[in-house]
Amino acid sequence: MPTAIRAQCRAVGSCLPQQVLDNAMLERMVDTSDEWIRTRTGIRERRMVADGEYLSDLAVASCRQCLQRAGLEAEAVDGIIVATSTGDFSMPAVANVVQHRLAATRAWGYDLVNACNGFVSGIATASALIEAGRCQRILLVAGDVMTPYIDFQDRNTCILFGDGCGAVLLEAGPGDGPGVIDWLMGSDGAGADLLKIPCSGSAIRPSPAALDRGDHFLKQEGRQVYNYAIRHMTESCQQLLQRNGLGIGDVDLLIPHQANQRIMTNVAERLQSRPEQLVSNIDRYGNTTAGTIPLAMADALDDGRLVAGSRVLVTAFGAGFSWGSVYLTWGGSST
Ligand code: COA
């Protein structure tokens, strides 16, 4: 999309809880095996917050690392968007807490709730604000603390999710420079009941009966979600590439939402990408919901795969259903 201003991705930071929850520990909780989890999902271990450790703690640490890598003080930031479904509280928005703890005195903040598609939704929102000339710099934070919503007696779900967070600094740059070149998103609320946390909003009161039913835990129809995820991530990548006159060979890195290694591999094969294009760290972190893509970006930066000028195709799918893809060129320095 030609614009006078382009939103440049200048830096990324990340934060994971110290506590590791590996497959051997899950074997002691439910009827599963390390072998089943690894072959069906690609996950070996995930991270879990300690008591008293909140999403805001992970978010603030991610932002500090991101700002330090960008060589900026928090006062330079105009706005903070936190893409999460698991803020410290449903009210207030955690972005305000992050703003205060960072001493980002000039910044506004709000949360953006779109489950595993939160990061892509945040890129769409932040880049539009920057392109419109309304903001110079936005910290896009994306992450979730999923483990409080997981039933560790349900083997279908407890193996998949973990806690983690990342932050990307988007900054106004020249229209022909690196940055967010195009994005597209889609929704299909017909899938709303296939992946949800029933008692997490205003619909179901947190009564003793609701807690007894386990309505405060995440529920999903895994196989159906699996099939929709592959279809929508593949198709949105294909549409985005096509409308920008690109082929998969024009992309350096494919960074999909990390929900299941088999989903990622399937999408990569359908796109006919080369194995070295795919960025995957699901073996170490599991599905951190909104956090997976910035965490994968941070890993790709650390291992030298994501460098200034890298052409990146991002794609995500999540509860809603909601999905989307972004094509961007990385604008930041290498560290
Ligand atoms: N350990 C051992 N067996 C398990 C298990 C576990 N942790 N979880 C499920 N099983 C069993 C099932 O009970 C089922 O047994 P049955 O055939 O006797 O009924 C069998 O394994 C196959 O289950 P199925 O659901 O078909 O497996 P699958 O290959 O689809 O893998 C998921 C299950 C959940 C890993 C997979 O469907 C998935 O990843 N779905 C998408 C999840 C997702 O991405 N969610 C977030 C989207 S953002």
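Reading the values: rules and limits
- Residues numbered from 1 in each chain as written.
- Predicted model: local features only at pLDDT ≥ 70, side-chain atom pairs only at ≥ 80, totals over all residues.
- Heavy atoms only, no water.
- Salt bridge = Lys/Arg side-chain N within 4 Å of Asp/Glu carboxyl O.
- Helix = DSSP H or I, 4+ residues; strand = E, 2+ residues; numbered from the N terminus.
- Near = heavy atom within 4 Å.
- Polar contact = N/O pair within 3.5 Å; in protein donor to acceptor, adjacent residues only side chain to side chain.
- Areas by Shrake-Rupley, 256 points an atom, 1.4 Å probe, with all protein chains shown as cover.
- Nonpolar A, V, L, I, M, F, W, Y, C, P; charged D, E, K, R; others polar.
- Domains from an automatic or database assignment.
- Buried area = accessible area lost by both parts, 1.4 Å probe.
- Buried < 20%, exposed > 50% of the residue type's maximum accessible area, 1.4 Å probe, protein only.
- Phe/Tyr/Trp six-rings, centres within 6.5 Å; stacked < 30°, edge-to-face > 60°.
- Lys NZ or Arg CZ within 6 Å of the ring centre and 35° of its normal.
- Pairing = 2+ DSSP bridges.
- Axes fitted to C-alpha atoms, helices over the stretch in contact; angles between N-to-C directions.
- Left-handed = near helix turned anticlockwise from the far one by under 90°.
- Contact = heavy atoms within 4.5 Å.
- Core = buried A, V, L, I, M, F, W, Y, C linked by side-chain atoms within 4.5 Å.

## Description of the pattern of salt bridges
Under the defined criterion, the tally for this structure stands at 16 salt bridges. Notably, a salt bridge pairs R69 with D302, separated by 3.3 Å at the nearest N-O pair. Of this pair, R69 sits in helix α3 (residues 55-70) while D302 sits in helix α10 (residues 292-302), placing them 233 residues apart in sequence. Here the residues in one salt-bridge network are R44, D283, R284 and D299, joined through shared partners.

## Side note on the site of the ligand
Around the ligand, the surrounding shell holds 23 residues, and the nearest of these are T32, R40, R155, G222 and N260. Here an oxygen atom of the ligand and a side-chain polar atom of R262 are 3.3 Å apart. Across the complex, the protein chains shield 75% of the 950 Å² of accessible surface that the ligand would expose by itself. When residues of the shell around the ligand are traced back to their parent elements, those giving at least two are α2 (34-41), α7 (222-243), α8 (261-270) and β12 (311-318). Per-element accounting of the shell around the ligand gives the leading share, 4 residues, to α7. Residues that form the shell around the ligand fall into these classes: 9 nonpolar, 9 polar and 5 charged.

## Notes on the domain arrangement of the chain
Buried accessible area, meaning the area lost when the parts come together, often serves as the stated size of an interface. Domain assignment breaks the chain into domain 1 (5-176) and domain 2 (180-329). Relative to domain 2, the C-alpha centre of domain 1 lies at a distance of 14 Å. Interface of domain 1 and domain 2: buried area, both sides summed, is about 3,700 Å²; carbon and sulfur atoms make up 65% of it. There are 2 salt bridges connecting domain 1 and domain 2. Between domain 1 and domain 2 we count 15 residue pairs in polar contact (both at pLDDT 80 or more) in total. Elements with a minimum of two residues in the side of domain 1 that touches domain 2: β1 (5-15), α2, β3 (45-47), α5 (118-131), β6 (137-145) and β7 (163-174). Broken down by element, the residue count for the side of domain 1 that touches domain 2 peaks at 8 residues, all from α5.

## Thoughts on the side chain of S121
When you line up the elements, S121 lands in helix α5. Judged by relative accessible area, which is 6%, S121 ranks as buried.

## Some points on the packing of aromatic side chains
On inspection of all chains with the given rule, the structure shows 4 aromatic pairs. Between Y228 and F321, the ring centres sit 5.0 Å apart and the planes meet at 45°, which makes this aromatic pair tilted. You can see Y228 sitting in helix α7 and its partner F321 sitting in the loop between β12 and β13 (322-329), a full 93 residues away along the chain. Take F321: its relative accessible area is 2%, and that puts it in the buried class. Ring geometry for F317 versus F321: centroids 4.9 Å apart, planes at 40°, classification tilted. Cluster of aromatic residues (ring-pair linked, three or more members): Y228, F317, F321 and W323. Above the plane of the ring of Y226 lies R223, whose end atom (NZ or CZ) is 4.7 Å from the centre.

## A short note on the pairing of β13
Judged by how many residues are buried, β13 sits mostly within the fold: 8 of 8 residues are covered. For strand β8 (residues 180-187) and β13, the ladder comprises 7 bridges, and the chain directions are antiparallel. By the bridge assignment for β13, G186 is matched with W323. Note that β12 and β13 share 8 bridges and pair antiparallel. Paired with T315 across the bridge in β13 is S325. Here β12 folds back onto β13, and the loop between the two strands holds 3 residues, one of which, G320, carries a positive phi near 145°.

## What about the packing of α7 against α8?
When two helices pack together, their arrangement is given by the angle between the helix axes and by the axis-to-axis distance. One way to put it is that α7 packs onto α8 with a least axis distance of 9 Å and a crossing angle of 35°. For the crossing formed where α7 meets α8, the hand is right-handed. Of the residues in α8, those touching α7 at R223, Y226, A229, I230, M233, T234 and Q238 are R262, I263, N266, V267 and R270. For the contact of α7 with α8, the residue count by class is 6 nonpolar, 3 polar and 3 charged.

## Considerations on the nonpolar core
Core analysis: the largest hydrophobic core is formed by 44 residues, its most contacted members being L26, C158, L218, I263, L313 and F317. When contributions to this core are tallied by element, the ones reaching two or more residues are β8, α7, α8, β12 and β13. The element contributing the most residues to this core is α7, with 8 residues. When we break this core down by domain, the ones giving at least three residues each are domain 1 (5-176) and domain 2 (180-329). Excluding its chain neighbours within four sequence positions, the residues that come into contact with L26 are L21, T32, I37, R46, F152, C158 and I159. Within the second largest apolar cluster, 35 residues are counted, among which are V12, I81, F119 and V314.

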